[in-house]
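Observations on the model geometry
The residues making up each chain are set out below.
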Amino acid sequence: MLRNTLWNLLGEGLPMAAALLSIPWLISAVGMERFGALTLIWALLGYLGVLDLGLGRSLVQVVADRIGHEAEHGNGSANAADSSANNSANTAGIAGPAIALMGAIGLLTGGVVALGAGLLADRFQLETGTSPDEIRFSLLVAAAIVPIALVSAGLRGVLEAHQRFRPISLVRMTVGVLNYLSPLCVLPFSQSLVPVIAAIAVGRFIGLVGYGILAVRQLPDLLHPGRWGRPSLRGLFTMSAWMMLNNLVGPAMLYADRFILLSLVPAAMVAFYTTPFELLSRLMVIPGALSLALFPLASSLFRRDPPALGRILDAGGHLTLAVFLVMQAATIVGGETALELWLGPAFAANSASVLSILMLGVFFNATAYVPNTLIQSVGRVDVTARLQMAELPVYLGVLWLLAERYGAVGAAVAWSLRTAVDCGLLLVLLPRLAPGTGAVALTIGLRALLAGAAGLAGLLVGGPVGAAISLTGLLAVGLGVAGRLRRTRSWEKLAAPLRKTRPAAALPAPMIDGRAIDGAATDRP
């Protein structure tokens, strides 16, 4: 698990380093107007990437569950070779149609972008001053990237389900670096956006080929539709619909704060909120990388070895607590100083309290990643989607009231309060969906609550005394977390049941609205 997490971090971190290196050169070479248009096209591609109907994430869960089902029933069989071939065909029968559908969605979405390129070009022209023809041709090239990106996500899902994070990260690093560095290769010949976007498209295509080769090696029957089994896909599409809802509601809650704040206070005041928020949000790559490694592992184990979910929550949850206790302490000790060195004393004076409050929210948000991942890994994506839908109107109301009265500080309080409530609800719900996780969920919840209380007490007292109170509380919680991690003797044992040759007793397939999430239940021996 740790190794996979580190590979995921590397896959995210190297492209970020490439971005830091290349963006100043891009700005100086193409000018601020063209770079502004480029960032809008990047944002458009990122937004269109979520229009996969949730199939990418759902595919990981269903294929990983299928792998666990194969390990449970395939070992020790007299006809092991035939069983393996049938299982591979059935798995490909789920993955193949899903990837083909993602490709069709990509073609349809890309076609809409291409048809609307003229209208979009006029809009971009108003904001950037760049030639409409240049923008239009750039958008036509960007439209070709959309199906490439969605098919790549499907192929990557197959690899994630098989926990092939090292090759995934190598391809992701290559694509990410090319996304930012390949435009530099065309700048000596042209400063137009068209070859810049074309260079990015070439990098994405290289990634598609890389993912395709790896996925076919892992699952050869992907290339042979005639050999696919006939598992039910209804559960996959049901789960993907709930996942799509997650993908829509989650960003709405993530970005609502700045729009509401902008409508209530001057734009300059919004910067005192958005700057520390954007800075701290980058820390979410850490629990994100951990969750990416845990998701297929938990999906494979939850029926074969249910107690494994408790061990995963114990290890992953306490590791997240350990990392973000350190982050919270670092913010208390040096957050204001860092802001002052980075953006000046005036900015730090207005934004330091916002930074400290948001750090509390980030702490709870990070703590929620593992229980959220485990709930989704057992096929109950509907639970997280319903929870977000219930939270959204309440959060928007609280956000409006606090932002209207207290400005940026009020928005920070509203966001942090929502993440704390969300974290608590996920830890309460998890034991009901994954038996055996109750004791660990209670331990993690109490430690997160104590750490949050220590941080809040320090904010209310203020000054050096408040900092001392917070740090003392965080240290006390940290000692307990460190002791728990020390007792986790071998993290590799988390995946040990997948390597066992003795079949285990089967549990019922996970259900969504009374239906199994895939066809596993219908074709078991």
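As a convention, each chain's residues are numbered from 1 in the sequence order in which they are written. Only residues with pLDDT of 70 or above have their local features reported here, since the model is predicted, and side-chain atom pairs are shown and tallied only from 80 upward, although totals for entire chains, interfaces and linings are computed over all residues. Note that water and hydrogens are dropped before the side-chain values are worked out from all heavy atoms of the structure.

1. As for the overall build of the protein chain
A helix here means a DSSP run of H or I that spans at least four residues, while a strand means a run of E at least two residues long, and both kinds are numbered starting from the N terminus. In terms of helices and strands, the protein chain carries 17 helices and two strands. With a 1.4 Å probe rolled over the protein chains alone, any residue whose accessible area is under 20% of its type maximum counts as buried; one over 50% counts as exposed, and the rest are partly exposed. By residue count, 51% of the 525 residues in the protein chain fall in the buried class. Within the protein chain, counting contacts between residues at least 6 apart in sequence, those at least 24 apart form 85% of the total. Should any heavy atoms of two residues lie within 4.5 Å, those residues are considered in contact.

2. Quick look at helix 6 (residues 165-186)
Along an α-helix, a turn takes 3.6 residues, which lines up residues three or four apart on a common side. Taking 1.5 Å of rise per residue, the 22 residues of helix 6 would be expected to cover 32 Å, and the 31 Å separating its terminal C-alpha atoms lies within 8% of that figure. What the bend at a residue measures is the angle between two axes, fitted to the seven residues ending there and to the seven starting there. Along helix 6, the sharpest change in direction is near 45° and occurs at Asn-179; proline Pro-183 comes one to four residues later. Residue count minus one, scaled by 1.5 Å, sets the expected span of a helix.

3. Describing the side chain of Thr-384
With respect to the helices, strands and loops of the structure, Thr-384 is situated in helix 13 (residues 381-406). A polar contact is formed between the side chain of Thr-384 and the side chain of Gln-376, at a distance of 3.4 Å. If sequence neighbours within four positions are ignored, Thr-384 has contacts with Asn-246, Asn-372, Ile-375, Gln-376 and Leu-426. Polar contact criterion, stated in full: a pair of N or O atoms within 3.5 Å, where within protein one must be able to donate a hydrogen and the other to accept it, and residues adjacent in sequence count only if both atoms are side-chain atoms.

4. Remarks on a nonpolar patch on the surface
Exposure above 30% relative accessible area and no salt bridge define the residues that can form patches, which grow by joining like charges within 9 Å and nonpolar side chains of Val, Leu, Ile, Met, Phe, Trp and Tyr within 5 Å. The method behind every accessible area is Shrake-Rupley, applied with a 1.4 Å probe, and residues are considered shielded solely by the protein chains displayed. For this analysis, a salt bridge means a side-chain nitrogen from Lys or Arg found within 4 Å of a carboxyl oxygen belonging to Asp or Glu. There is a patch of nonpolar side chains on the surface, built from Phe-205, Val-209 and Ile-213 and spanning about 260 Å² of accessible area. One can find Val-209 in helix 7 (residues 193-218).

5. Considerations on the packing of aromatic side chains
Pairing of aromatic side chains requires ring centres within 6.5 Å, counting the rings of Phe and Tyr and the six-membered ring of Trp. Pairs whose planes differ by under 30 degrees are stacked, by over 60 edge-to-face, and all others tilted. For the coordinates displayed, the defined rule picks out three aromatic pairs. Aromatic pair Phe-277 and Trp-415: ring centres 5.1 Å apart, planes at 75°, arrangement edge-to-face. Placement of Phe-277 in helix 9 (residues 267-281) and of Trp-415 in helix 14 (residues 408-433) is noted, with a sequence separation of 138 residues between them. Taken together, the aromatic side chains of Tyr-273, Phe-277 and Trp-415 make up a single cluster linked through ring pairs. Taking the ring centre of Phe-137 as reference, the NZ or CZ of Arg-136 above it sits at 5.2 Å. Whether a charge lies above a ring is judged from NZ of Lys or CZ of Arg, which has to be within 6 Å of the ring centre and within 35 degrees of the ring normal. The ring of Tyr-395 carries Arg-418 above its face, with NZ or CZ at 5.4 Å from the centroid.

6. Here's the deal with helix 10 (residues 285-301)
Helix length check: helix 10, at 17 residues, gives a terminal C-alpha distance of 25 Å against a target of 24 Å (1.5 Å per residue), a fit within 8%. At Leu-294, helix 10 is deflected by roughly 30°, the largest bend along its length, and proline Pro-296 occurs up to four residues later in sequence.

7. Notes on the environment of Leu-294
In this structure, Leu-294 sits in helix 10. Leu-294 gets classed as buried once you look at its relative accessible area, which sits at 0%. Taking the C-alpha atoms as reference points, Leu-294 and Thr-373, 79 residues apart in sequence, are found 7.4 Å from one another.

8. Digging into the environment of Leu-181
In this structure, Leu-181 sits in helix 6. Distance from Leu-181 to Gly-203, taken between C-alpha atoms, is 9.8 Å for residues 22 residues apart in sequence. Here Leu-181 is in contact with Ala-18, Leu-21 and Ser-22, once residues within four sequence places are set aside.

9. Quick look at the pattern of salt bridges
Considering all chains together, one arrives at four salt bridges under this definition. The salt bridge involving Asp-382 is made with Arg-380; its shortest N-O contact spans 3.0 Å. Using a relative accessible area of 22% as the deciding quantity, one classes Arg-380 as partly exposed. Across the pair Asp-382 and Arg-386 runs a salt bridge whose closest N-O atoms are separated by 2.9 Å. Of this pair, Asp-382 and Arg-386 both sit in helix 13, separated by four residues, roughly a single helical turn.

10. Some thoughts on the packing of helix 12 (residues 345-377) against helix 14
When two helices pack together, their arrangement is captured by the angle between the axes and the distance separating the axes. Only the stretch in contact is used when fitting a helix axis, every axis being a line fitted to C-alpha atoms; angles between N-to-C directions are given from 0 to 180 degrees. Running from amino to carboxyl end, helix 12 crosses helix 14 at an angle of 20°, the nearest separation of the two axes being 8 Å. In terms of orientation, helix 12 lies roughly parallel with respect to helix 14. As for the relative orientation of helix 12 and helix 14, their crossing is left-handed in sense. Residues belonging to the contact of helix 12 with helix 14 are distributed by class as follows: 22 nonpolar, seven polar and one charged. Angles below 35 degrees are treated as roughly parallel, those above 145 as roughly antiparallel, those between 65 and 115 as roughly perpendicular, and all remaining angles as oblique. Two helices that cross are described as forming a left-handed crossing if the nearer one is turned anticlockwise from the farther one by less than a right angle, and a right-handed crossing if clockwise. All amino acids are sorted into three groups, where Ala, Val, Leu, Ile, Met, Phe, Trp, Tyr, Cys and Pro are nonpolar, Asp, Glu, Lys and Arg are charged, and the leftover types, Gly among them, are polar.

11. Some thoughts on the environment of Pro-296
Of note, Pro-296 is situated in helix 10. Pro-296 sits in the buried class, given a relative accessible area of 0%.

12. Focus: the confidence of the model for the protein chain
Per-residue confidence from the predictor is given as pLDDT, running between 0 and 100. Of all residues in the protein chain, 72% have pLDDT values of 70 or greater, and the mean over the chain is 76. Long-range and interchain partners of residues 75-83, a stretch whose pLDDT sits below 50, account for six contacts in this model, where long-range means more than four residues apart. Overall, residues 495-525 carries pLDDT values under 50, and its contacts beyond four positions in sequence, including any with other chains, amount to 82 contacts.

13. Let's talk about the packing of helix 12 against helix 15 (residues 438-461)
The geometry of helix 12 relative to helix 15 is characterised by a closest axis approach of 10 Å and an angle of 175° between their N-to-C directions. On the basis of the axis angle, helix 12 is roughly antiparallel to helix 15. Residues Ser-356, Ile-357, Leu-360, Phe-363, Phe-364 and Thr-367 of helix 12 form the contact with helix 15, whose own contacting residues are Ile-444, Ala-448, Leu-449, Ala-451, Gly-452, Gly-455, Leu-456 and Leu-459. Here the residues of the contact of helix 12 with helix 15 are counted per class, giving 10 nonpolar, four polar and no charged.

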